[in-house]
Amino acid sequence: MIPYTVNIKLAARTLTGTLNLQNKTAVDWGWQGLIAQGCHSSILIIDPKTAQTIQVLERHKANVVKVKWSRENYYHNLSSPYCLRLASGDASGKIIVWDVVSGTAHCEIQEHSKPIGDLEWLWNQDASRDLLLAVHPPNYIVLWNGDTGTKLWKKSYAENILSFSFDPFDPSNMALLTSEGIVFITDFSYSKPPGSAGKKVYIASPHASPAHTKPAPATAPAPTGAKKALNKVKVLITNEKPTAEAVTLNDCLQLSYLPSKRNHMLLLYPREILILDLELSQTVGVVAIERSGVPFIQVIPCAQRDALYCLHENGCITLRVCRSTVATEEAADPEQSVQELVYDLRSQCDAIRVTKTVRPYRMVICPVNENKAALMVSDGRAMLWELRAHTGKAANPSSGLSPLYSPVSFCGAPLGPNQKKIQDLSLNSMIGQTLIAGETLPTSSHQQEVQLKFLLTGLLSGLPLPPFAIRMCPPLTTKNINHYQPLLAVGTSNGSVLVYNLTSGLLHKELSVHSCEVRGIEWVSLTSFLSFATSAPNNMGLVRNELQHVDLPTGRCFAFRGERGNDEPPIEMIKVSHLKQYLVVVFRDKPLELWDIRTGTLLREMAKNFPTVTALEWSPSHNLKSLKKKQMAAREAMARQTVSDAEQSSIESSVISLLQDAESKSETSQAISAREHFVFTDTDGQVYHITVEGNTVKDGARIPPDGSMGSIACIAWKGDTLVLGDVDGNLNFWDLKARLSRGIPTHRGWVKKIRFAPGKGNQKLLVMYTDGAEVWDTKEVQMVSSMRIGRNVNYRILDIDWCTSDKVVLASDDGCIRVLEMAMKSASYRMDEQDLTDPVWCPYLLLPRAALTLKAFLLLQPWSGTFTMDVTQVDYSEKDEIKGLIQEQLNSLSNDMKSVLQDPELSLLQRCLLVSRLFGDESDLHFWTVASHYIQSFAQARQLTVSAAEGQAQSEGVQPSPQSHLDICHDVLCETSYFQKFQLDRVHLQEVKRSSYEHTKKCADQLLLLGQTDRAVQLLLETSADNPSYYCDSLKACLVTTITSSGPSQSTIKLVATNMIANGKLAEGVQLLCLIDKAADACRYLQTYGEWNRAAWLAKVRLNPAESSDVLKRWAEHLCSPQVNHKSKAILVLLSLGCFYKVGEMLHSMRHFDRAALFIEACLKYGVMEANDSSNKLIEAAFLDYARLLRTLGLREGAALWASRAGSAGEQLMEELFQGEGGIPEAILGEEVVELGLESKA
């Protein structure tokens, strides 16, 4: 049996219920691994792995309409630590930036008073991680500093802005979705507002064209009518405003850039998704729903694979993956093979039951792994779905879908023979890349075909719709401390009773007790309660009363009043006596009933002439103690007598006492009926006093009404204090000992309820009014705290109770139940005070230093042969409390993850990637993905060169050709050969989809740059004779076909090109230079004119590796320059060129010490960097700084190990580390030799 500890201190918390319609868009899943969700004016923080609410943020006064986690796209150290930062905007135009762990606000921002339209943290730059862009309706975008709340700039536009989307590949591009169309901004910058008004384009509605018919399957021999119709929907974007009858503009639900490939955008309509290629402003793909299908609400494009998560109106989430454009054997007709981008449905989850009040609102997907989705439902449910990959063939092979294969690598490196792996780690470890034309299918035996399935892994449900009746279980006492649970019973409008455990805030039981709305609940022990409900009245005003007795452990419930209850006046209230012996049931127009709870018998039904009861309360005084004393005395006398009579002294006294004990226990539980009293008032305000003992009921004294009071509405009694509240808002305090009374007018209207706080001598009183609540101190007769609707809260209070001696619980009409301090200020709770049932993996909850220690601990433990998951086993000097917290984090990792981390086969690069995924560290993840790919591919190429040199032929290409390539979402960082194939594939698609002269011209230009001259000539000759550019195009075609490499023509063309560029015709000049194979010059011109991205693109597709590398190096230098300041991007560019030494230097100079040391270590291991005199200085400096960093984190063994490899300066650090401990331990010196021995072999 686990020792049961009782947490007497309850944390303040909020139990939330259904969402408001304005909360629909307020949900976000952050890189930190948590989901934020707006619920009325509060914000829930949900941990999706354990499906728990771990924080509720309360400060907004209006409904929350947008929430956004800050991005983790920066290097983390002690000065910029791992922290949970969230921005939220509400319907009154206020933005709050939160520190989620402590539940406090960093800053509050207010510009206008309209609901915030959209929010986004700027993550695509290295200047600052505090920049927050917001849409303030109707037409302003404002850039804020989210840390200080200062406004940096503000810009207004001509139309109403609905939302915006940033180009993930180029931080200066963004698109605004407005009420009339789209505005493209190409000069976005954090330093100043966009100069131009942007390029405005109108979206012609797809409804104008017959795109709704079902597209025929691609295997059909001839394009059917529907297919032709789809081919007609080509021009969707026009620069002229369309005519009013042709289009209804507002049905575009969403616009977003595709993060998986550059210059593609997605537009969502209720019945189709359009994929646009922005270079052509042309639709290159349509996902349409057939007539009987369920319309879309929302779509989220993935970055790791070209895939879309779609949410439909029935709550079903579908995953569609882009089909490979590799021509299949069946499609003999080449035209048919690439008509457009096709997204095949690969998996879907179950739908939900949609009703008037229950409908799906939004879905979010995990940005780190892209294989988990959460669906938010309007009734407050959060459904957590996980995508799983199962190896196996398709169930119905006739579906015509090409198979998906799982990749052969894990964490960016080929799998070792006995290496453990986690198949479902992320989307790109579940399914391989979409193949493009010109690629061959890898025919390796390792590749397994996989099927994708959605699995429901978690469900969070909220409270049902209000109204509620709440009652806290009896208070904690010294007697019940060993088994006490703080349970709150909530009666709901549909007749069920929910029991919540307030330590964890989780639902303990849900019991379906009644058939109509629950009106009240009274506990009769720690594990059982009585609840009553009344049905709607019939035309006589009579109802069906239900009074049920419920036993919690078993869930058994029975009708307490037996057959009674049909066609009688409604029950007004039920009151249980202090010793839980008796129950009074008060009716509206019928005398009260008195029941014995222990036997369930009716003691007395009052006579017809009994006064009408307006308020009633049991007295806390009773005669139980004196009765027990009398009984014990009588029993002792009996025991003595029997013994002395028989004179059997052989019977030991202990046996007698045992017998006595047993007897007395059974006696007290049955026979004693203590005397208890209750008081009640009638309609005239007269106070009656009635005594109940066993089954006798006596009428006591009557006290005449107090003239200053109106009709009495409620009574509370504790100790010697009796308090009466009336319908006019007066409170009357009676001191029974001193026989004094004081009346106090509160001027707050009808006193609905009054309750005394539990605990001996605690004379605090909670009062509920129609417009709020107050806490009074009855000793001093003064108010302690007050809350009022409209003044400090925006919700109405429905019911109140005390949950401990200093905390109150309030049910309100926004569907929430709040546990608050006595001051009744609604506040967020500190996460570290929380008592969670399941441990949560989230390093962001640790102190900044502890989080970094945890990361260093997971990354490297070279001081021992094995890898441990126990912090106590390493030499780590830190407070035990923090050690314990770190150990809790390690324990909360899944067993799969632990076994992979402890697997000796896991290489350093794989470990770095895995840990950056675990931490949700965006900048680390990008860096290690690119680094590990290129370190391995250059190492592979080097081995080939070495083996070839030992033979005869030397391999000439600098660029390696490894097994796999980087995903296309890395754009210019991909291998040249793959990048070229992708661009050709794209132009081919553009060519098929072109529909106007403009498009044809753009295609021809692209083909010329790519060096596809024959195809370009064909397109140029298509120009019709009545086109003004007819002559020009024909000449251009002649020029392209006749260009020879003779000197004079080359120099002429070069001269013309340079003149064109000088006179502002940059694109045309660059084309001419590409025609005569002077692409390197073209790149230089493009760079001079600031077209850095275009130059990089051209270098990748046209230049040989050496020239291309020059162009990209110049670009990297430009990115490092102070006015651009995008060093993180520059490092990735240099990695793709294999400039590893330069990268090491840059990382070290930027003070990214752990990244630098681990990167250099990996380079040395793979042999792509050599330890010689020139590089030793850098290597030693990097290792020394990492050792110092580890020392500040408290990991002494790690620090010693790195210091031992850092030359003479390292020796000094070693001495400092082990001062006064009798020198350096032998073990470390011994290990050092082993480590370095390994190195020299590599």
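Details of the structure are given in the entry above.
Residues numbered from 1 in each chain as written. Predicted model: local features only at pLDDT ≥ 70, side-chain atom pairs only at ≥ 80, totals over all residues. Heavy atoms only, no water.

K.L.:
Can you help me understand the overall build of the protein chain in this one?
P.N.:
When you go through the protein chain residue by residue, the secondary structure sums to 26 helices and 60 strands. In the protein chain, buried positions account for 55% of the 1242 residues. By sequence separation, contacts in the protein chain at least 24 residues apart represent 56% of the contacts at least 6 residues apart. (Helix = DSSP H or I, 4+ residues; strand = E, 2+ residues; numbered from the N terminus. Buried < 20%, exposed > 50% of the residue type's maximum accessible area, 1.4 Å probe, protein only. Contact = heavy atoms within 4.5 Å.)

K.L.:
Whenever I open this one, the environment of glutamine 1123 confuses me. Can you help?
P.N.:
Considering the arrangement of structural elements, one finds glutamine 1123 in the loop between helix H19 (1105-1120) and helix H20 (1127-1137). Separated by 996 residues in the primary sequence, glutamine 1123 and alanine 127 place their C-alpha atoms 9.9 Å from one another.

K.L.:
Explain the packing of aromatic side chains here, please?
P.N.:
Aromatic ring pairs are defined here through the distance separating the ring centres and the angle between the ring planes. Inspection of every chain in the model, using the stated rule, returns 22 aromatic pairs. Ring centres of tyrosine 82 and phenylalanine 919 lie 5.2 Å apart, and the angle between their planes is 50°; this geometry places the pair in the tilted category. Placement of tyrosine 82 in the loop between strand E6 (64-69) and strand E7 (85-90) and of phenylalanine 919 in helix H9 (residues 908-919) is noted, with a sequence separation of 837 residues between them. Look at phenylalanine 919 and you get buried, because its relative accessible area is 0%. Ring centres of tryptophan 153 and phenylalanine 188 lie 5.7 Å apart, and the angle between their planes is 65°; on these two criteria the pair is classed as edge-to-face. Here tryptophan 153 is found in strand E13 (residues 151-156), whereas its partner phenylalanine 188 is found in the loop between strand E16 (181-185) and strand E17 (199-203), with 35 residues between them in sequence. No difference in accessibility class separates tryptophan 153 from phenylalanine 188, as the two residues are buried. Through pairs of rings, three or more aromatic residues link up here, namely Tyr582, Phe610, Trp618, Phe678, Phe680 and Tyr688. When the ring centre of phenylalanine 587 is taken as origin, the NZ or CZ atom of lysine 590, which lies over that ring, is 4.4 Å away. (Phe/Tyr/Trp six-rings, centres within 6.5 Å; stacked < 30°, edge-to-face > 60°. Lys NZ or Arg CZ within 6 Å of the ring centre and 35° of its normal.)

K.L.:
Any chance you could explain the pattern of salt bridges here in plain terms?
P.N.:
Side-chain pairing between opposite charges can occur once the charged atoms of the two side chains come close. Scanning the model with the defined rule gives 55 salt bridges in all. Ionic pairing is found between glutamate 58 and arginine 818, a salt bridge with its closest N-O pair at 3.1 Å. Residue glutamate 58 is located in strand E5 (residues 52-58), and its partner arginine 818 is located in strand E60 (residues 817-821); the two are separated by 760 residues in the primary sequence. Per residue, the accessibility class of glutamate 58 equals that of arginine 818, and both read buried. Among the salt bridges present, the one from arginine 544 reaches glutamate 546, with a minimum N-O distance of 3.2 Å. Since its relative accessible area comes to 32%, arginine 544 is described here as partly exposed. Taking the relative accessible area as the measure of exposure, glutamate 546 reaches 13% and is therefore buried. Bridged by salt links that share partners, the residues Arg561, Arg564, Glu568, Lys590, Glu593 and Glu605 form one connected network. (Salt bridge = Lys/Arg side-chain N within 4 Å of Asp/Glu carboxyl O.)

K.L.:
So what exactly am I meant to see when it comes to the sheet that holds strand E2 (residues 27-29) here?
P.N.:
Note: strands within a sheet are paired through backbone hydrogen bonds, in either parallel or antiparallel orientation. Taken together, the four strands give an open sheet; going across it, the order is E2-E3-E4-E5, and neighbouring strands pair in antiparallel fashion. Each edge of the sheet is formed by a strand with only one pairing partner; in this case those strands are E2 and E5. Between one strand axis and the next, the sheet turns through 20° on average, direction left out of account. The pairing of strand E4 (residues 42-47) with E5 spans six bridges and is classified as antiparallel. Across the sheet, the residue bridging to leucine 44 is valine 56, located in E5. (Pairing = 2+ DSSP bridges. Axes fitted to C-alpha atoms, helices over the stretch in contact; angles between N-to-C directions.)

K.L.:
When you look at the side chain of serine 102 in this model, what are you seeing that I'm missing?
P.N.:
The residue serine 102 is located in the loop between strand E8 (94-99) and strand E9 (104-110) in this model. A distance of 3.2 Å separates the side chain of serine 102 from the side chain of aspartate 99, its partner in a polar contact. Excluding residues within four positions of it along the chain, serine 102 makes contact with Gln55, Tyr829 and Arg830. (Polar contact = N/O pair within 3.5 Å; in protein donor to acceptor, adjacent residues only side chain to side chain.)

K.L.:
I'm lost on empty space enclosed by the protein in this one. Help?
P.N.:
Regions of empty space are outlined by a rolling probe, equal in size to a water molecule, passed over the atoms. With the rule as written, the count across this model stands at seven cavities of 30 Å³ or more. Every residue lining the second largest cavity is listed: Lys855, Leu859, Cys912, Val915, Ser916, Asp924, Trp928, Asp1154, Arg1155 and Leu1158. Counting only elements with at least two residues in the lining of the second largest cavity, the list comes to helix H6 (848-859), H9, helix H10 (922-950) and helix H22 (1153-1166). Here the lining of the second largest cavity is composed, by residue class, of five nonpolar, one polar and four charged. (1 Å grid on protein atoms, 1.4 Å probe; cavity = no way out; pocket = protein on both sides within 12 Å on 5 of 7 lines; lining within 4 Å. Points joined across faces, edges and corners; volume = space filled by probe spheres on them. Nonpolar A, V, L, I, M, F, W, Y, C, P; charged D, E, K, R; others polar.)

K.L.:
Help me out: how do you make sense of the sheet that holds E9 in this one?
P.N.:
Read from one edge to the other, the open sheet built from four strands follows the order E6-E7-E8-E9, with strand pairing classed as antiparallel. The open sheet terminates on both sides in strands that have one partner only, identified here as E6 and E9. Strand-to-strand twist of the sheet, defined as the mean angle between neighbouring strand axes without regard to direction, takes the value 20°. Here E7 pairs with E8 via five bridges, running antiparallel. In the strand pairing of E8, arginine 85 is matched with aspartate 99.

K.L.:
Help me out: how do you make sense of the packing of helix H18 (residues 1092-1102) against H19 in this one?
P.N.:
The description of two helices packed together rests on the angle between their axes and the distance between the axes. Where H18 meets H19, the axes come as close as 9 Å, and the angle between the chain directions of the two elements is 160°. By the criterion of interaxial angle, the relationship of H18 to H19 is roughly antiparallel. Between H18 and H19 the crossing geometry is left-handed. Where H18 abuts H19, its residues Trp1092, Asn1093, Ala1095, Ala1096, Ala1099 and Lys1100 lie against Ser1108, Val1111, Leu1112, Arg1114, Trp1115 and His1118. Its residues assigned to classes, the contact of H18 with H19 comprises seven nonpolar, three polar and two charged. (Parallel < 35°, antiparallel > 145°, perpendicular 65-115°, else oblique. Left-handed = near helix turned anticlockwise from the far one by under 90°.)

K.L.:
Which parts of the structure should I look at to understand H18?
P.N.:
Along an α-helix, residues three or four apart share an orientation, since each turn contains 3.6 residues. When you tally the buried positions in H18, you get eight out of 11 residues, the bulk of the element. Along H18, the residues that are buried comprise Trp1092, Ala1095, Ala1096, Trp1097, Leu1098, Ala1099, Lys1100 and Val1101.

K.L.:
Looking at this structure, I do not really get the packing of helix H12 (residues 997-1010) against H18. What am I missing?
P.N.:
One can describe the packing of H12 onto H18 by two numbers: an axis separation of 9 Å at closest approach and a directional angle of 55°. Considering the angle they form, H12 stands oblique to H18. On H18, the residues touching Gln1006, Leu1008, Leu1009 and Leu1010 of H12 are Arg1094, Trp1097, Leu1098, Val1101 and Arg1102. Split into classes, the residues belonging to the contact of H12 with H18 amount to six nonpolar, one polar and two charged.

K.L.:
Would you mind going over the nonpolar core with me for this structure?
P.N.:
Soluble globular proteins tend to bury their nonpolar side chains together. Counting 176 residues, the largest nonpolar core has Ile45, Leu86, Leu858, Leu1098, Leu1135, Phe1140 and Phe1159 as the members making the most contacts within it. Beyond its immediate chain neighbours, meaning those up to four positions away, leucine 86 contacts Ala36, Ile43, Ile45, Leu57, Val67, Lys68, Trp69, Ile96, Val97, Trp98 and Val100. Residues Tyr484, Val490, Ile521 and Ala811 belong to the second largest nonpolar core, which totals 31 residues. (Core = buried A, V, L, I, M, F, W, Y, C linked by side-chain atoms within 4.5 Å.)

K.L.:
Mind showing me how you'd approach the environment of serine 260 here?
P.N.:
By the element assignment, serine 260 lies in the loop between strand E19 (254-257) and strand E20 (264-268). On the accessibility criterion, serine 260 (3% relative accessible area) is buried. For the pair serine 260 and cysteine 302, spaced 42 residues apart in the sequence, the C-alpha separation amounts to 6.4 Å. Those residues within four positions of serine 260 in sequence are excluded, and the remaining contacts are Phe169, Cys302, Ala303, Arg305, Asp306, Ile968 and Cys969.

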